[in-house]
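# Structure assessment
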Amino acid sequence: MGKDVIIACDFPTADKMFGFLRPFEGRNPYLKIGMELYYAEGAPIVRELKKRGFRIFLDLKLHDIPNTVASAMKVLAGLGVDIINVHAAGGRKMMAAAKEAVSTAEKPPVLIGVTQLTSTSEEMLHSELLIEKSMEDTVISYAKNAKAAGLGGVVCSPLEAGLIHKACGNEFLTVTPGIRFAENDKGDQTRVTTPAMAKQLGSDYIVVGRSITGAADPLKAYERCVNDFC
Ligand code: C5P
């Protein structure tokens, strides 16, 4: 596992998704399905992509009371996806309930926890979320909670990947969005790095959305990420 590029397929319809995938025939990239596409198309789009042989990270970031998250996780894990996630902010009990639920699937996905969103800045952490600890301390503490609850890794910024491996071990996956080429705009992300820097910092998977999906030649942008990261 690990050292791969996951494309964030943030599209509003299945047609747009399949149109995007056309030039990738034969490449079989790892895909991330998030809220936009899942809420628009539901489980059938996931089943169809699995049928076509794609590896899927289903990024719905569940965050609710433990019983509700566990019941929903049971349903989602039954889709046969490869990675699935919850918000670590939901706490250890919620994460452990999610872990127990995914374990009942025929092919249990790897369950990971979102630490702090890569759009959250240190300043926002203190002034809006009223978390007094530093970003690093918060992220490491959330990662340790995720590990204690039996999760297989976390979503974090590449900037935190090394520290998390140090705290939770090299087998504990770091899946890292917030990836931009040097010439790209940051957009709404704040804690960003390039694919090459993410590799240096020890990320296991990079998640890349707009730098690929919004590129003039998405296949070329994907190949560039693979070249720089893998
Ligand atoms: O377009 P961009 O590369 O910024 O997309 C990043 C993707 O990763 C989005 O789909 C976003 O929902 C997701 N993500 C994130 N930060 C997290 C967790 C997920 O940006 N902490």
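For the structure, check the block above.
Residues numbered from 1 in each chain as written. Predicted model: local features only at pLDDT ≥ 70, side-chain atom pairs only at ≥ 80, totals over all residues. Heavy atoms only, no water.

## Topic: the site of the ligand
The immediate surroundings of the ligand are formed by 17 residues, with Asp 10, Lys 32, Thr 118, Gly 209 and Arg 210 found nearest. Sorting the residues of the shell around the ligand by element identifies strand E3 (56–62) and strand E8 (205–208) as the ones contributing at least two each. The residue makeup of the shell around the ligand, split by class, is seven nonpolar, four polar and six charged. (Near = heavy atom within 4 Å. Helix = DSSP H or I, 4+ residues; strand = E, 2+ residues; numbered from the N terminus. Nonpolar A, V, L, I, M, F, W, Y, C, P; charged D, E, K, R; others polar.)

## Some thoughts on the packing of aromatic side chains
When we look at a pair of aromatic rings, we describe it by the centre distance and by the angle of the planes. In total, this model carries four aromatic pairs according to the counting rule given. Each ring, one from Phe 20 and one from Phe 24, has its centre 5.1 Å from the other, and the planes form 40°; the classification is tilted. Taking relative accessible area as the criterion, Phe 20 reaches 9% and is therefore assigned buried. Aromatic side chains Phe 24 and Tyr 222 sit 5.5 Å apart centroid to centroid with 70° between the ring planes, which places their arrangement in the edge-to-face category. (Phe/Tyr/Trp six-rings, centres within 6.5 Å; stacked < 30°, edge-to-face > 60°. Buried < 20%, exposed > 50% of the residue type's maximum accessible area, 1.4 Å probe, protein only.)

## Side note on the pattern of salt bridges
The full count for this structure, using the stated rule, is 10 salt bridges. Arg 55 is paired through a salt bridge with Asp 4; the nearest N and O atoms lie 2.9 Å apart. Of this pair, Arg 55 sits in the loop between helix H3 (43–51) and E3 while Asp 4 sits in strand E1 (residues 4–8), and the two are 51 residues apart along the sequence. When the shortest N-O distance is used, the salt bridge between Glu 48 and Lys 51 registers 3.5 Å. Here Lys 51 and Glu 48 lie together in helix H3, a separation of three residues that amounts to about one turn. The class for Lys 51 is exposed, based on a relative accessible area of 68%. In the salt-bridge network here, residues are joined through shared partners; they are Lys 32, Asp 59 and Lys 61. (Salt bridge = Lys/Arg side-chain N within 4 Å of Asp/Glu carboxyl O.)

## Details of H3
Among all positions of H3, only Ala 43, Ile 45, Val 46 and Leu 49 are buried. For H3, the buried positions fall inside an angular range of 160° around the axis, keeping them on one side. Residues Pro 44, Arg 47 and Lys 51 are exposed on H3 and point more than 90 degrees away from its buried face. Contacts from the buried residues of H3 go to helix H1 (14–21), strand E2 (30–33), helix H2 (35–41) and E3. A positive phi of about 95° marks Gly 53, the residue just after H3. (Arc of directions from axis to C-beta. Contact = heavy atoms within 4.5 Å.)

## Notes on the packing of helix H4 (residues 66–77) against helix H5 (residues 92–102)
Taken N-terminus to C-terminus, the directions of H4 and H5 make an angle of 30°; their axes are 8 Å apart at the nearest point. Considered as vectors, H4 and H5 are oriented roughly parallel to each other. For the element pair H4 and H5, the recorded crossing hand is right-handed. Taken together, the residues of H5 that come into contact with H4 (itself represented by Pro 66, Val 69, Ala 70, Met 73, Lys 74 and Ala 77) are Lys 93, Met 94, Ala 97, Ala 98, Ala 101 and Val 102. (Axes fitted to C-alpha atoms, helices over the stretch in contact; angles between N-to-C directions. Parallel < 35°, antiparallel > 145°, perpendicular 65-115°, else oblique. Left-handed = near helix turned anticlockwise from the far one by under 90°.)

## Focus on the nonpolar core
One finds Met 17, Leu 49, Leu 58, Met 73, Val 86 and Ile 212 to be the most contacted residues of the largest nonpolar core, which totals 65 residues. Sort the elements by how many residues they give to this core and H5 lands first, with six residues. When near neighbours in sequence (up to four residues on either side) are disregarded, Leu 58 contacts Ile 33, Tyr 38, Val 46, Leu 76, Leu 79, Val 81, Ile 83, Ile 84 and Asn 85. (Core = buried A, V, L, I, M, F, W, Y, C linked by side-chain atoms within 4.5 Å.)

## Things to note about the environment of Leu 117
With respect to the helices and strands, Leu 117 occurs in the loop between strand E5 (110–114) and helix H6 (122–127). Look at Leu 117 and you get partly exposed, because its relative accessible area is 36%. For the pair Leu 117 and Thr 190, spaced 73 residues apart in the sequence, the C-alpha separation amounts to 9.3 Å. When neighbours within four sequence positions are excluded, Leu 117 is seen to be in contact with Lys 61, His 87 and Arg 191.

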